[in-house]
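Coordinate inspection notes
Here's the letter readout for the chains.
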Amino acid sequence: MRPDQIQPEMYQKQLQEKQAELAKLMATLSLPEMEVFASQCSHYRMRAEFRIWHEGDDLYYAMFDSADPRTPIRTDQFLAASNLINELMPKLLNAVRNIPVLRHKLFQVDFLTTTTGEALISLLYHKPIDAEWNVAARQLNEAFPACHFIGRSRKKKQILTRDFVMETLTVNGQKFHYQQVENSFTQPNAGINEKMLEWALDVTKEASGDLLEMYCGNGNFSIPLARRFDRVVATEISKVSVSSAQLNIAINGMNNVQVVKMASEDVSAALNGDVELPKSLVQAGISELTPSVVLVDPPRAGLDDATIELIRKIDAILYISCNPETLKRNLEALSSTHDVVRYAMFDQFPYTHHVETGVYLQRKSLL
């Protein structure tokens with residue numbers, strides 16, 4: 001996204017166009033009225049990445065247009081990024097500019113911030129990080145006491161204090177706390193994430209029993225929903241996300257959630273009876289789980305056939321999608337057994353064509 005594409009005065013028009021495009025794509029499906037959740041029109045992204053462009057004695061943040069990837073667009077401020085990122089951008093460059101070991105071959109800076117004022121800054125280099133860099137970076141960190149710094153070079157990572165921030169999200173007036181680790185998946189738009197969590201709680205308000213969750217990440221949905229269900233078994237393939245999820249479950253005081261490190265395809269194969277149940281699923285109590293709801297939040301590729309076959313056996317399906325095209329294909333496959341009873345668009349990424357979609361399906365015999 002180019003900086004000049006962020007036009008708050010045009011946001012409502014663009015949101016309506018995005019809503020119309022989604023409605024057109026889904027027109028062949030039998031869907032209820034679309035619920036639309038708008039984003040803030042500026043300062044909504046809690047993370048941002050910028051290239052660093054060197055010109056003589058000067059250096060500045062740069063972004064690029066995909067149509068002209070060789071021409072840097074100077075980006076002194078970025079209206080999509082959080083207020084804290086915009087505050088830190090000039091301060092960081094001013095601090096680095098006159099420190100040769102920190103400036104030399106610095107090619108990218110990544111920011112990760114929270115609604116509670118924490119910031120993690122990653123400095124990426126085209127050179128090895130050595131002891132001299134470490135000394136200078138620690139002095140830099142002292143000038144930014146509220147920030148955490150990381151140096152990266154050729155797959156090596158130097159953590160000065162820690163490599164995560166602690167985010168607090170407010171959902172229906174209740175606060176939930178999450179560890180968010182550098183370079184791991186988290187929802188970038190905190191405001192929309194809170195709305196997604198509130199919507200998930202609303203659509204499942206009549207649910208009871210157990211919840212099966214696949215692609216659980218750091219427990220973003222698992223933790224608020226755990227209060228609604230007797231037991232939750234959640235699966236995730238990323239080791240980092242599983243560790244964060246386990247920590248987040250503990251710090252939020254949830255004792256009815258078990259997280260298993262396993263790919264969705266392997267979970268589906270085991271629960272469909274194609275292979276023997278892995279020990280990790282048995283230990284999590286999957287044999288005693290009687291899910292009334294399954295929650296899936298897959299990557300852009302959507303759900304594979306085995307997972308479709310698995311979830312069609314469960315009475316209610318909560319599907320969070322980052323790709324309407326694959327969502328449509330999956331809904332067509334599920335239409336023989338389930339009907340969509342709630343349907344929402346979440347504008348996670350304003351000023352782009354990307355949308356996040358939520359659907360809640362119930363088995364036809366239950367309607």
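As the structure is a computational prediction, the values presented were derived from the model and not from experiment.

Notes on the UniProt feature "active site" (unreviewed entry) in the protein chain
The positions UniProt marks with the feature "active site" (unreviewed entry) are Cys322 and Glu356. Annotated residues spanning 35 residues; largest pairwise C-alpha distance 4.6 Å, indicating a single compact cluster. Once residues within four sequence positions are removed from consideration, Cys322 is found in contact with Pro298, Pro299, Arg300, Val355 and Glu356. Relative to the helices and strands, Glu356 is located in strand β17 (residues 356–363). What Glu356 contacts, discounting residues up to four positions off in sequence, is Gln187, Met196, Asp297, Ile320, Ser321, Cys322, Ala344, Met345, Phe346, Gln348 and Phe349.

A word on the nonpolar core
The biggest cluster of nonpolar side chains holds 72 residues, and the ones touching the most others in it are Leu92, Phe111 and Leu123. With 7 residues, helix α2 (residues 83–97) is the single largest residue contributor to this core. Excluding residues that lie within four positions of it along the chain, Phe111 makes contacts with Met46, Arg47, Ala48, Phe50, Tyr61, Ile85, Leu88, Met89, Leu92, Leu120 and Ile121. Within the second largest apolar cluster, 37 residues are counted, among which are Ala200, Leu211, Val257 and Leu318.

Description of the pattern of salt bridges
Opposite charge on two side chains permits them to pair, given that their charged atoms come into close proximity. Under the criterion given, the structure shown has 18 salt bridges. Asp347 is paired through a salt bridge with Lys18; the nearest N and O atoms lie 2.7 Å apart. Of this pair, Asp347 sits in the loop between β16 (338–346) and β17 while Lys18 sits in helix α1 (residues 11–25), and the two are 329 residues apart along the sequence. We note that Asp347, like Lys18, is buried. In this structure, the salt-bridge partner of Lys205 is Asp202, at a minimum N-O distance of 3.3 Å. Of the residues examined, Asp202 reaches a relative accessible area of 30% and is grouped as partly exposed.

A word on the sheet that holds strand β7 (residues 147–153)
Spatially, 7 strands are ordered β4-β3-β2-β5-β6-β7-β8 in an open sheet, and the strand pairing comes out mixed. Both edges of this open sheet fall to β4 (68–74) and β8 (156–159), since each of them pairs with a single strand only. Ignoring strand direction, the axes of neighbouring strands in this sheet form an average angle of 30°. Here strand β6 (residues 119–125) runs beside β7; their pairing, made up of 7 bridges, is parallel. Note on β7: the bridge partner recorded for Leu120 is His148.

Quick notes on the rules
- Residues numbered from 1 in each chain as written.
- Predicted model: local features only at pLDDT ≥ 70, side-chain atom pairs only at ≥ 80, totals over all residues.
- Heavy atoms only, no water.
- UniProt positions renumbered as here; feature names shortened; annotations may be inferred.
- Contact = heavy atoms within 4.5 Å.
- Helix = DSSP H or I, 4+ residues; strand = E, 2+ residues; numbered from the N terminus.
- Core = buried A, V, L, I, M, F, W, Y, C linked by side-chain atoms within 4.5 Å.
- Buried < 20%, exposed > 50% of the residue type's maximum accessible area, 1.4 Å probe, protein only.
- Salt bridge = Lys/Arg side-chain N within 4 Å of Asp/Glu carboxyl O.
- Pairing = 2+ DSSP bridges.
- Axes fitted to C-alpha atoms, helices over the stretch in contact; angles between N-to-C directions.

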